[in-house]
Structure formats: C-alpha cells, structure tokens
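Architecture and fold: a report
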Amino acid sequence: MNVEETLKEAMASRVAAVQAPPSMGQRIRRRSRRNVVRFRTAGAALLTVAVAGAVPVYLSATSGPAPAQVGAPAAETPESAADDIAVSGNAVPNVVGLRVDEVLPALKAAGFKADWKKVVTDGAPHGTITEQKPAAGAVAPEGSTVEVTIATRAAPDPSATPTTDELPQDLGDLGDGRTFGGVHFGYLPAGLEWGKWSGKNGFGDTSYTTTWDEPSKTGSGEYSVQAVVYQGKAARARRGIAKGDPVTIHGRQGYLGRLTEGGELVAERAEDNTLTLVWFPRADRAVEIMMSPTFATKLGDADKTEIQKIAEGVVVRN
Amino acid sequence: MTEEDEAAFDEFLAARSTALLRTAVLVCGASPHDAEDLVQSALEKVYRHWPRIRRDNPEAYARRVVVNAAISRARRRRVIQEITFASPPDTPVESPDPGLRELLLAELGKLPARMRAVLVLRYWEDMSEAETAAALGCSAGTVKSQAARGLARIRTRLATLEGVSA
C-alpha cells in the first residue's frame, strides 16, 4: 500500500467532522477591534514600523507566484450583518478641529491618552487637529490611546523641496542621516541615501530611528536599511527581547537573525522575514539594524556580511 | 475598509475557513476547539490587511499565517499525543483499516511540527513542493527532504506493524 495515499486518507478522516462555525467572521472582527486599540496603546512603534518596514515587506510577501483561487462560489454569508456588537469602554470624543493644547484635556476627561503625529499641510491652521483614530464616537477601552494628527507648516527652508511623504521628521534635517541618537554610522552599503525622515520614541523611551533607501525609492515607503538607536530604559527593554545567533561587534555581544513579522526566527531568507542585527555597544545603549527583504534579496548571500559591516562601522559618540 | 471589502471577506471565510481550520487541526494536532482559536487569531491578521491583500491571492497569505501559527502552537504546547486520543469523527470516511489509520495519525503526531506541516500541505492539501515551500517560507529542497524523512519514519513504523500482524 502507498503510504502517501494512506496518510492522506487518515488525515481526511481525522478532520472530516471539523467545520468552521458560522460565527467566525463576527468573532474575528470583534477581536480585531480590540487589537487595533491595543496596537496603538503599545506605542508608536507599530506606527513607525508600519510606515517604514511592514509596507514593503507586506507588498512583496503577498505577491507570491501561486494563482489566486478565491472568490470561488459566492456562498451565503450568514453573519455579516450581526457584527455591530459593542465592546466595553468609553466613547471617543471628537477632537478634530481642536488646537493642540485643547486635545489632551479633552481626551483625558474621557479616559484616553494621546499619541501624536505631525503632518505638514496647508489645508488646516497650524497646530490644529486634522485627524483622529479611532474616530469620534467609536468605543475604545478606557486608558487606551487615541492617535491624533496635528497640522504643521513646513519649516522655512529654501532648499526643501515640497514632498508628499508624511513620514515623521522628529529629528529635523540629519544631513546625510548617518549621525543621530549619539551614534554615527560610518559604513553603509553602496548606493543608499538617507530616507529623509526620522522618528523619536517609536520604539520606547528613549529611541531614535531612520532609514537609508535606494534613491529611486525615497518617499515610496520602501526602505533598504533601517536603524534604531535605543538609550536608557528602551535599551534595557530591547536587551530582554533580543533573538538570533550570537555575534560579536567590537567585543560587544549582539544577535543576528531573520525575523518574521510575528517575531519568529527563521533560517532562510525570504520575502516575509527581515534580517535583523541588534547589539549593545554600552550598557545603556542598543543599536538595531534591519535590512528590508527586498534589499537583502538584492545583496544575496552578502546580506549578513553587509549588515555586520554596518554594525562594525558604528561609533558611539556620547 | 469598504462595505465591498467586508462582503468579500465574508465570502472568503465562507469558502475557505473550514479548509484552513482543518489544516490547522492537522498541523498543530490540537482539538478542533483550540485550533479554532488559533485560526481566528490568524485570520484577524488577514482581516486587518484585507483591503490590501484581497486581490492578491489572500488564500495563500491566509494559509501561510495559519500554518505558521499552528507550527508555533505545536512547538509551544508540545501537543503530540492529543491527535491520537482525540475523539473519532462523526462521519468517518471509508477506510479499509481503522487501526492502521490511527497508527498513522499517531506517527504523524510524533513528528516535529514543521515536518508534520510539510506532510499535511503536501499530501492532504495536495500542494506542490514549490507551493509548500512558499507557504512555509523555506526552500523547495527543504520541503523535499522533510517530506522524505517524515514518510520514511512512518513507513518504518508500518513495516514493524506488518511484521507483527503477519
């Protein structure tokens, strides 16, 4: 008897009676609403990651070769309507249109915290709120964070070209982008330029981040190399979750590995994992370098060597 | 997310959720109830990105998320015997030898999670080596060797059994 066939038959019999319950869609949506809030409560880290990292990873991860098979028979959708079940929490107040100094009291009064995001725009008065998440009237757990977007004017800079990117500019003009957070990056792979954005505290207090991109991709959200510098508490927290193969950078301990979106280590380079090197040049300092899957694929087998060269080129200045 | 996105997601669930749940049960070896929780949490991720992925093979993406979650789950909880002792299905398919079937499932349950995932995708989902590799994020070579080793272990066990019953 053919083992493959018998095995297939055994597996089929094992799950013949297993059926997804019709309420699954409803439960997924409820869970999703809870998580979206938790997401933001966890800090702007995810915002930063979403802007700089996940988008390109994501786009490439879903462009696999296998043909789509979905949308097959448009079967009945028994539970789509019954979805609007309230989660416990408070109603989010409307803060769009308020001035910056009015937002915090308004949110506090309703039991929320605020997370800020700035956008350069001429469409609204400087210092007013243009957007909020969750939207006004949505129900969110008490103590969770409402993300508000503040309209700002671009700094008067004659050399600045108007751009449409909405990436944060927390650290201002970094020149070549190689020096920030008290750290200088002496080596970068050939052909990369500063991504012209920077984030502060997106990875915990105190942390700084930016990217270097291929010039053709600047502004598209696709990065090549991202660096995060952690100081103080954020550095200690980062140490606790370091994963990968041990590496040594100038005598200091670090970890190098390919991490999936879910933070799992995997052995082989693929479109859904990010080559990540984190090390600890000082007790109160951690530096993390991430290489986008697209760029790692471009470098091929040199990716690990290159990421270590970037790390070895780092000089801590203060 | 637009109403049309929501409707398409419901359609997707109606068409695929049972298959994904079955795959999860086989890969993680947990009870259908536990696997359901796992599939829900994996599909939540799909839902979150739905407007972006719905036109770009969402099934492959969903399967990858579910299988990876099932592998981590199997590793975390080391549920290897559950698959053997889970209650038999209400509507068993015809099988010449239920004893043999149980034995195979027991052996399947003892394999490392990733190897088991390879066997489930290859022989139950009928996926090619390349598709399995894509779903698991590894090379086709790895799929080939893992499948061969998994089958070899099961064959060895079968041979022993035949030796005994003969």
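Residues numbered from 1 in each chain as written. Chains lettered and ligands numbered in written order. Predicted model: local features only at pLDDT ≥ 70, side-chain atom pairs only at ≥ 80, totals over all residues.

When helices and strands are tallied, chain A shows 7 helices and 17 strands. Taking all 318 residues of chain A together, 34% fall into the buried category. Within chain A, residue pairs in contact and separated by at least 24 positions form 64% of the contacts whose partners lie at least 6 positions apart. (Helix = DSSP H or I, 4+ residues; strand = E, 2+ residues; numbered from the N terminus. Buried ≥ 20, exposed ≤ 12 C-beta atoms within 10 Å, placed from the backbone. Contact = placed C-beta atoms within 7 Å.)

As a further point, take the overall build of chain B. Scanning chain B from N- to C-terminus turns up 9 helices and 0 strands. Seen in sequence order, chain B has helices and strands lined up from the N terminus as α-α-α-α-α-α-α-α-α. Taking all 166 residues of chain B together, the buried fraction comes to 48%. When contacts within chain B are restricted to residue pairs at least 6 apart in sequence, those whose partners lie at least 24 apart make up 67%.

Here the focus is the pairing of strand S10 (residues 207–213) of chain A. Residues and elements named next belong to chain A. By the criterion of burial, S10 is predominantly enclosed, with 7 of the 7 residues buried. The side-chain alternation of S10 yields two buried faces, one formed by Ser 207, Thr 209, Thr 211 and Asp 213 and the other by Tyr 208, Thr 210 and Trp 212. Sheet analysis places strand S8 (residues 193–194) next to S10, joined by 2 bridges and oriented antiparallel. Bridging from a neighbouring strand, Trp 194 pairs with Trp 212 of S10. Sheet topology places strand S9 (residues 199–200) next to S10; 2 bridges connect them, and they run antiparallel. (Pairing = 2+ DSSP bridges.)

Looking now at the sheet that holds strand S5 (residues 145–152) of chain A. All names here are of chain A. Pairing is mixed across the open sheet formed by 3 strands, whose spatial order is S2-S5-S3. The sheet is open, and its two borders are formed by strand S2 (113–120) and strand S3 (129–133), each paired with just one other strand. Between one strand axis and the next, the sheet turns through 25° on average, direction left out of account. The strands touched by helix H4 (residues 100–109) within the sheet are S2, S3 and S5, with S2 carrying the most contacts at an inclination of about 155°. (Axes fitted to C-alpha atoms, helices over the stretch in contact; angles between N-to-C directions.)

Here the residue pair Lys133(A) and Pro134(A) is connected by a cis peptide bond, since its omega of -5° sits within 30 degrees of zero. In this structure, Pro134(A) sits in the loop between S3 and strand S4 (139–140).

With that settled, the discussion passes to the pairing of strand S12 (residues 245–249) of chain A. All names here are of chain A. Bridge count between S12 and strand S13 (residues 252–260): 5 bridges; the pairing is antiparallel. For Pro 246, the partnering residue across the bridge sits in S13 and is Tyr 255. Between the antiparallel neighbours S12 and S13 lie 2 residues, among them His 250 with a positive phi of about 45°.

The next point concerns the packing of helix H1 (residues 3–15) of chain A against helix H1 (residues 3–28) of chain B. At a closest axis distance of 10 Å, the pairing of H1(A) and H1(B) adopts a crossing angle of 115°. Regarding the angle of H1(A) to H1(B), the classification is roughly perpendicular. Judged by the twist between their axes, the crossing of H1(A) over H1(B) is right-handed. For the pair H1(A) and H1(B), contact is made by Met11(A), Arg14(A) and Val15(A) and by Arg22(B), Val25(B) and Leu26(B), respectively. Among the residues forming the contact of H1(A) with H1(B), the class breakdown is 4 nonpolar, no polar and 2 charged. (Parallel < 35°, antiparallel > 145°, perpendicular 65-115°, else oblique. Left-handed = near helix turned anticlockwise from the far one by under 90°. Nonpolar A, V, L, I, M, F, W, Y, C, P; charged D, E, K, R; others polar.)

Attention now goes to the environment of Ala35(B). All names here are of chain B. Here Ala 35 is to be found in helix H2 (residues 32–48). Taking the C-alpha atoms as reference points, Ala 35 and Leu 20, 15 residues apart in sequence, are found 9.8 Å from one another. If we skip the residues at most four places from it in the chain, Ala 35 touches Leu 21, Ala 24, Val 25, Cys 28 and Ala 30.

On to the confidence of the model for chain A. Residues and elements named next belong to chain A. Of the residues in chain A, 75% have a pLDDT of 70 or more, and the chain-wide mean is 75. For chain A, the element scoring lowest by mean pLDDT is helix H3 (residues 45–61), at 41; helix H7 (residues 303–312) scores highest, at 95. Confidence drops under pLDDT 50 across residues 37–87; counting only partners more than four residues distant or on other chains, this segment forms 100 contacts. Residue range residues 155–166 is modelled with pLDDT below 50. Its contacts to residues more than four positions away, or to other chains, number 5 contacts. (pLDDT = per-residue confidence, 0-100.)

Residue and element names in this part refer to chain A. Taken together, 3 strands build an open sheet; the order of strands is S6-S7-S17 and the sheet is antiparallel. A single partner strand is all that each edge strand has here, and the edge strands are strand S6 (179–180) and strand S17 (314–316). In terms of strand pairing, S6 meets strand S7 (residues 183–185) through 2 bridges, oriented antiparallel. Across the sheet, Thr 179 pairs through a bridge with His 184, a residue of S7.

Here we come to the nonpolar core. All names here are of chain B. Counting 58 residues, the largest nonpolar core has Ala 24, Val 27, Val 39, Val 66, Ala 70 and Ala 117 as the members making the most contacts within it. Per-element tally for this core: the top contributor is H1, with 12 residues. The residue makeup of this core includes at least three contributed by each of domain 1 (1–82) and domain 2 (96–166). Residues contacting Ala 70, with those up to four places away along its chain left out, are Ala 24, Val 27, Cys 28 and Leu 38. (Core = buried A, V, L, I, M, F, W, Y, C linked by C-beta atoms within 7 Å. Domains from an automatic or database assignment.)

We now examine helix H5 (residues 232–240) of chain A. Residues and elements named next belong to chain A. All of the buried residues along H5 are Ala 234, Ala 235 and Arg 238. Along H5, the residues classed as buried sweep out an arc of 100° about the axis, all on the same side. Those residues of H5 hidden inside the fold are in contact with S10, strand S11 (225–231), strand S15 (273–282) and strand S16 (285–291). (Arc of directions from axis to C-beta.)

In this section: the environment of Val18(A). Considering the arrangement of structural elements, one finds Val18(A) in the loop between H1 and helix H2 (24–41). We classify Val18(A) as buried; it has 20 C-beta atoms within 10 Å. What Val18(A) contacts, discounting residues up to four positions off in sequence, is Leu21(B), Arg22(B), Val25(B) and Pro32(B).

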